[in-house]
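# Remarks on the overall topology
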Amino acid sequence: MLRTVSCSASLSSSSLFFRFFRQLPRSYLSLSSSPGRNLRRISSPSAAGRRLLLRRGLRIPSAAGRGVNGQFSRFSVRAVATQPAPSYPDVGQDEADKLGFEKVSEEFISECKSKATLFRHKKTGCEVMSVSNEDENKVFGIVLRTPPKDSTGIPHILEHSVLCGSRKYPLKEPFVELLKGSLHTFLNAFTYPDRTCYPVASTNTKDFYNLVDVYLDAVFFPKCVDDVHTFQQEGWHYELNDPSEDISYKGVVFNEMKGVYSQPDNILGRIAQQASDPKDIPKLTFEEFKDFHRKYYHPSNARIWFYGDDDPVHRLRVLSEYLDMFEASPSRDSSKIEFQKLFSEPVRIVEKYPAGRDGDLKKKNMLCVNWLLSEKPLDLQTQLALGFLDHLMLGTPASPLRKILLESGLGEALVSSGMSDELLQPQFSVGMKGVSEENVPKVEELIMNTLKKLAEEGFDNDAVEASMNTIEFSLRENNTGSFPRGLSLMLQSIAKWIYDMDPFEPLKYTEPLKALKARIAEEGSKAVFSPLIEQYILNNSHRVTIEMQPDPEKASQEEAEEKNILEKVKASMTEEDLAELARATEELRLKQETPDPPEALRCVPSLNLSDIPKEPTYVPTEVGDINGVKVLRHDLFTNDIVYAEVVFDMGSLKHELLPLVPLFCQSLLEMGTKDLTFVQLNQLIGRKTGGISVYPLTSSVRGKDEPCSKFVVRGKSMAGRAEDLFNLMNCLLQEVQFTDQQRFKQFVSQSIARMENRLRGSGHGVAAARMDAMLNVAGWMSEQMGGLSYLEFLHTLEKKVDEDWEGISSSLEEIRRSLLARNGCIVNMTADGKSLTNIEKSVEKFLDLLPENPSGGLVTWDGRLPLRNEAIVIPTQVNYVGKAGNIYSTGYELDGSAYVISKQISNTWLWDRVRVSGGAYGGFCDFDSHSGVFSFLSYRDPNLLKTLDIYDGTGDFLRGLDVDQETLTKAIIGTIGDVDSYQLPDAKGYSSLMRHLLGVTDEERQRKREEILTTSLKDFKDFAEAIDVVRDRGVAVAVASAEDIDAANNARSNFFEVKKAL
Ligand SMILES: [Zn+2]
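Keep in mind it's a predicted model, so treat the numbers as computed, not measured.

## Thoughts on the overall build of the protein chain
A tally of helices and strands in the protein chain yields 40 helices and 29 strands. Against the 2.2 N^0.38 benchmark of 31 Å for 1062 residues, the protein chain shows a C-alpha radius of gyration of 28 Å, consistent with a compact globule. By principal-axis analysis of the C-alpha atoms, the protein chain measures approximately 80 × 70 × 65 Å. Expressed as a percentage of the 1062 residues in the protein chain, the buried residues total 65%. Of all intrachain contacts in the protein chain linking residues separated by at least 6 positions in sequence, the fraction that spans at least 24 positions is 83%. Summed over all atoms, the accessible surface of the protein chain reaches about 36500 Å², with 49% contributed by carbon and sulfur.

Here's what the structure looks like:
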């Protein structure tokens, strides 16, 4: 994918019937739950990090992927309609005809209460799905079939490049202008192994059509095919600043992919998918790149999606302007994806991956078994049944395949496990990482034996019922989190449509689900699932086993190889060549650093300030109490679902127990009670509710020394089952026993694996947490529960589990006693008014059962890490570089303009310097208005000190800035777009709770909004003075390679304290 970092982020919700039900209770860790996010949604990788990474069909959950949305959401399709089809504006055959389209078919789809019409553009054959309904969050997407011919990454580089200027919008990056100045609720692009998607979404109709026009022009008429500079910038080029220096490779995709493959899990995926390799990117020529665009970016090879409450005739009118300019092309035939024949024999692959020198290398092997399931299309019911099977085997901690593998102690955690059906041929994978060499064959054996056993014995009825309820709940709730519903539907539809199959079919699940339920009821679940395991997995000879071995030499070897190639390139050049290369490098840099002229910027359509609502969106909130406990009620339409949060104070928790809290949360959900095993308890939650989660939450509170530190229990259920929901919450909190030493040991090793993954894949998050922990108490608390300190704690704890389990178990009990109390607790509920009244009794009962007060007196939170510049060493080819300081310490008082300014710094100064000319995949800043901490961060960055220098130049950049009114207006609108982000009802209720906890009132929000809307150039200058504190008194933390850290410390007399992490 494109810019908001984290490439090809495609939500798992794009999957039709696989995977999407994976969401059962699981504690999520603290770092991703910074409550300030909803108030300062500055586009950053941490948001994108919550999505899933998709490269060549393989989905790799990011380390931070335990956020609220990932947890609480998924899938798409809306509840079954019970009322007759409403009528939506129609496009008559004559009207379509006049605009050059023919109507192919039309259906009312009750699952998403939408009327969907498939059109074909007569001249080019371009197909258009036009979906009309009442959803104001409108979605447009254009999808092209782009089969790669080699491993040079052409489709991905093209995906980036087409958004760098076009015929009507001839500026450097219209995409960035849209990011800065539109109200988009979604704006991005992704590359799949065989397709490239360009989606946008907005709730504002005028804004929506602005986005649509920029995207259409970009796809069909990009400048990049005539401009080698874009190819060099986004793809690759040789960089030589001075003929006496070494040549290096630069390029955004080049670095992006290097970063992706610094993570062993992703290397595993690359092998499984035979995906492109960053090493091969420099083989790509500009000619091949242009050819690829000519061939596949053509209306005949395009599928276009419109969704929402806008006028369907207008959609066709906008499209015809573009499509009519083309003649039919044979590209549709030449891009056809053919079924691959299944192997007749299993295959085994052994590969090395780069690992650090420290730690026990013997225990770092990975093994994964993959099956390609079919060489023919599967019918919807079989797909649904396979998705169901996936959930039964792996979907929850209680699912047998997951449970048996984790309990075996053969490895630390699962890797890339589950069904995936986004490509032509579905696949199933399961594997483990953190495996010792001698256990590698045992893991494979255990996987095969467990699958055999499941085929022979089937699943127990409670498990089947729990999966069924979870699936039905997901379908009814259709909670796609911050991902637009219409986009989720598009990705499902396209997964068939792209292969010339029926685009309507994937949207209609009611009948196949009913049929599947009936079959299970009649024949029993074994008769349904056992043959599937046998046919598609056990008796399927297309099995690819991949084993990965750690190699401490590999990273430096790869670096040496690259250096070697570059030295040869340099040696083959004459003096004139070198002078020319240095000149070309300089030319590219100059071009990158020269801002677009105002008239070019003006051509990107934008809203006016008058189009912007003057008031923030208010969430109906009634503050009351039940038996002395504060209760917040949000009366919103939720399709008969109740969302509830119970918040406890952490004010009585002893400091030394803090790092145990995440494991305490996991233990609550995965240990069981005196009467129920954890499997039974888990199934009960699955059968009765839509899920329960527990997690700690910390944030600074503006103007206060004491941080907000809470423990949250979050759950949802159908309104009629609210009593069950609260009973189960009570059961988890009060009855779970901390007695299972073996399970606890697994939790520890899983957490270590997750933290290590986080260091490699989201090093910027680890760096940010580290700086926060030096600068404020809430940050310190959070780092204790999810940062590098937490990883260090886990390593100590790993030994302690064997030596002093009694001690740990009683510490867990002590945490429970310190947290659970009716006094100081807050209940938050979101549902319609009638349900809110109906559930009161259940809440009352729940509260009555709580102890009155916590054990132990109030503690004062005052921990901080020592202020110092730190470099954290990991085996990597790209770095994460951060620097932060507290701007409130300069006397700066929060003004709404700060949001506009920090967004502008990210989108201009850092974007141009850190990303475009620095070659990093991302560079951005983050301002926490609660603590006052302003941080700069880079992502997959080839540089280190150079990036810090750029950060230090921010104050001067602001002082020298000359923003005209138009630029300012755009920045203001973009900021309002962030503040007004589209929210589903559960998210509205949750945001309101967060505001309540952090003392943010509606009056303050209104004032903040007015300050945003009236931001002036003077605010920028004033802010420059405040931000200098980061340069002068800030701390720097980098997560980087040993080589780069050494070089930095040599160049700048031991600037960094060095810390080894992996
Ligand atoms: Zn990308």
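## Re the packing of aromatic side chains
A complete count under the given rule lists 42 aromatic pairs for this structure. Considering the side-chain rings of Y198 and Y215, the 6.2 Å spacing of their centres and the 80° angle between planes classify their relative orientation as edge-to-face. Of this pair, Y198 sits in strand β9 (residues 195-202) while Y215 sits in helix α6 (residues 205-220), placing them 17 residues apart in sequence. Considered together, Y198 and Y215 belong to a single accessibility category, that of buried residues. On the basis of an interplanar angle of 25° and a centroid distance of 6.0 Å, the ring pair of F286 and F289 is categorised as stacked.

## Brief notes about the sheet that holds strand β29 (residues 1057-1060)
Taken together, 6 strands build an open sheet; the order of strands is β26-β27-β25-β28-β24-β29 and the sheet is mixed. Edge positions in the sheet fall to β26 (922-927) and β29, since each of these pairs with one other strand and no more. The mean inter-strand angle of the sheet, taken between neighbouring strand axes irrespective of direction, is 15°.

## Here we look at the sheet that holds strand β15 (residues 413-420)
Within the open sheet, the 5 strands sit side by side as β13-β17-β14-β16-β15. Their pairing is mixed. The open sheet has two free edges, formed respectively by β13 (347-354) and β15, since each of these has just one partner strand. Looking at each pair of strands side by side, their axes are set apart by 15° on average, direction ignored. Note: strand β14 (residues 365-372) against strand β16 (residues 427-435), 8 bridges, orientation antiparallel. From the neighbouring strand, M366 faces β16, where its bridge partner is K433. Against the sheet, helix α13 (residues 380-394) engages β15 and β16, with an angle of about 165° to β15.

## So, helix α16 (residues 461-477)
With 17 residues, α16 should cover 24 Å at 1.5 Å per step; its first-to-last C-alpha distance of 24 Å lies within 8% of that length. Across the 17 residues that make up α16, a large majority, 12, are buried. Those residues of α16 that sit buried are A463, V464, A466, S467, M468, N469, T470, I471, F473, S474, L475 and E477. Where α16 starts, the residue carrying a side-chain oxygen 3.2 Å from the main-chain nitrogen of D462 turns out to be D460. Immediately beyond the C-terminal end of α16, within one or two residues, lies N478, with a positive phi of roughly 50°.

## Details of the pattern of salt bridges
Evaluated as defined, the whole model comprises 78 salt bridges. The residue R687 makes a salt bridge to D462 at a minimum N-O spacing of 3.4 Å. Here R687, found in helix α24 (residues 678-688), pairs with D462, found in helix α16; they are 225 residues apart in sequence, far enough to count as distant. Taking relative accessible area as the criterion, R687 reaches 16% and is therefore assigned buried. Judged by its relative accessible area of 33%, D462 falls in the partly exposed class.

## Here's the deal with the packing of helix α4 (residues 154-161) against helix α10 (residues 286-296)
In contact at an axis separation of 10 Å, α4 and α10 are set at 75° when each is read in the N-to-C sense. Judged by the angle between their axes, α4 and α10 are roughly perpendicular. Across the interface between the two elements, I154, P155, I157, L158 and S161 of α4 pack against E288, F289, F292 and H293 of α10. Here the residues of the contact of α4 with α10 sort into 6 nonpolar, 2 polar and 1 charged.

## Focus on the UniProt feature "domain: Peptidase M16C associated" (unreviewed entry) in the protein chain
Within this structure's numbering, the places UniProt gives as "domain: Peptidase M16C associated" (unreviewed entry) are residues 548-797. Counted over residues 548-797, helix gives 52% and strand 18%. Its end C-alpha atoms are 27 Å apart.

## Focus: the nonpolar core
Core analysis: the biggest nonpolar cluster contains 92 residues, and F711, F744 and L759 have the highest contact counts within it. Of the residues forming this core, the biggest block, 8 residues, is contributed by helix α25 (residues 722-735). With sequence-adjacent residues up to four places away left out, F744 is seen in contact with L660, L663, S667, M671, L797, V801, W805, I808 and L812. L178, V214, F220 and V544 belong to the second largest nonpolar core, which has 84 residues in total.

## Here we look at the pairing of β16
In terms of burial, β16 is largely enclosed, as 9 of its 9 residues are buried. Examined bridge by bridge, β15 and β16 share 6 bridges and lie antiparallel to one another. The partner of V415 across the bridge, within β16, is G431. The loop that links β15 with its antiparallel partner β16 comprises 6 residues.

## Here we look at unusual backbone geometry
Phi angles above zero are rare outside glycine, and N478 is one such case at about 50°. Within the element layout of this structure, N478 appears in the loop between α16 and α17 (485-497). Unlike most non-glycine residues, S1053 shows phi in positive territory, near 20°. Of note, S1053 is situated in the loop between α40 (1042-1051) and β29. Taking the relative accessible area as the measure of exposure, S1053 reaches 67% and is therefore exposed.

## Topic: helix α18 (residues 510-523)
Counted at 1.5 Å a residue, the expected span for α18 with its 14 residues is 20 Å, and the 20 Å between its end C-alpha atoms agrees. Within α18, burial applies to T510, P512, L513, L516 and I520. Contact partners of the buried residues in α18: α13, α16 and α19 (525-538).

## Concerning a negative patch on the surface
Taken together, the side chains of D242, E245, D246 and E567 make up a negatively charged region of the molecular surface. Secondary-structure assignment places D242 in the loop between β10 (237-239) and β11 (248-250). For D242, a relative accessible area of 35% puts it in the partly exposed group.

## A word on the pairing of strand β22 (residues 708-718)
Counting buried residues in β22 gives 10 out of 11 residues, a clear majority hidden from the surface. Examined bridge by bridge, strand β20 (residues 641-649) and β22 share 9 bridges and lie antiparallel to one another. By the bridge assignment for β22, F648 is matched with F711. Of the pairings in the sheet, the one linking strand β21 (residues 691-699) to β22 comprises 9 bridges and is antiparallel in character. Bridge assignment links P696 to a residue of β22, and that residue is F711.

Cut-offs used in this document
- Residues numbered from 1 in each chain as written.
- Predicted model: local features only at pLDDT ≥ 70, side-chain atom pairs only at ≥ 80, totals over all residues.
- Heavy atoms only, no water.
- Helix = DSSP H or I, 4+ residues; strand = E, 2+ residues; numbered from the N terminus.
- Rg over C-alpha atoms; globule rule 2.2 N^0.38 Å.
- Buried < 20%, exposed > 50% of the residue type's maximum accessible area, 1.4 Å probe, protein only.
- Contact = heavy atoms within 4.5 Å.
- Areas by Shrake-Rupley, 256 points an atom, 1.4 Å probe, with all protein chains shown as cover.
- Phe/Tyr/Trp six-rings, centres within 6.5 Å; stacked < 30°, edge-to-face > 60°.
- Pairing = 2+ DSSP bridges.
- Axes fitted to C-alpha atoms, helices over the stretch in contact; angles between N-to-C directions.
- Expected span 1.5 Å × (residues − 1).
- Polar contact = N/O pair within 3.5 Å; in protein donor to acceptor, adjacent residues only side chain to side chain.
- Salt bridge = Lys/Arg side-chain N within 4 Å of Asp/Glu carboxyl O.
- Parallel < 35°, antiparallel > 145°, perpendicular 65-115°, else oblique.
- Nonpolar A, V, L, I, M, F, W, Y, C, P; charged D, E, K, R; others polar.
- UniProt positions renumbered as here; feature names shortened; annotations may be inferred.
- Core = buried A, V, L, I, M, F, W, Y, C linked by side-chain atoms within 4.5 Å.
- Patch = residues over 30% accessible without salt bridge, like charges linked within 9 Å, V, L, I, M, F, W, Y side chains within 5 Å.
- Lys, Arg positive; Asp, Glu negative; His and termini not counted.
- Charge placed at Lys NZ, Arg CZ, Asp CG, Glu CD.

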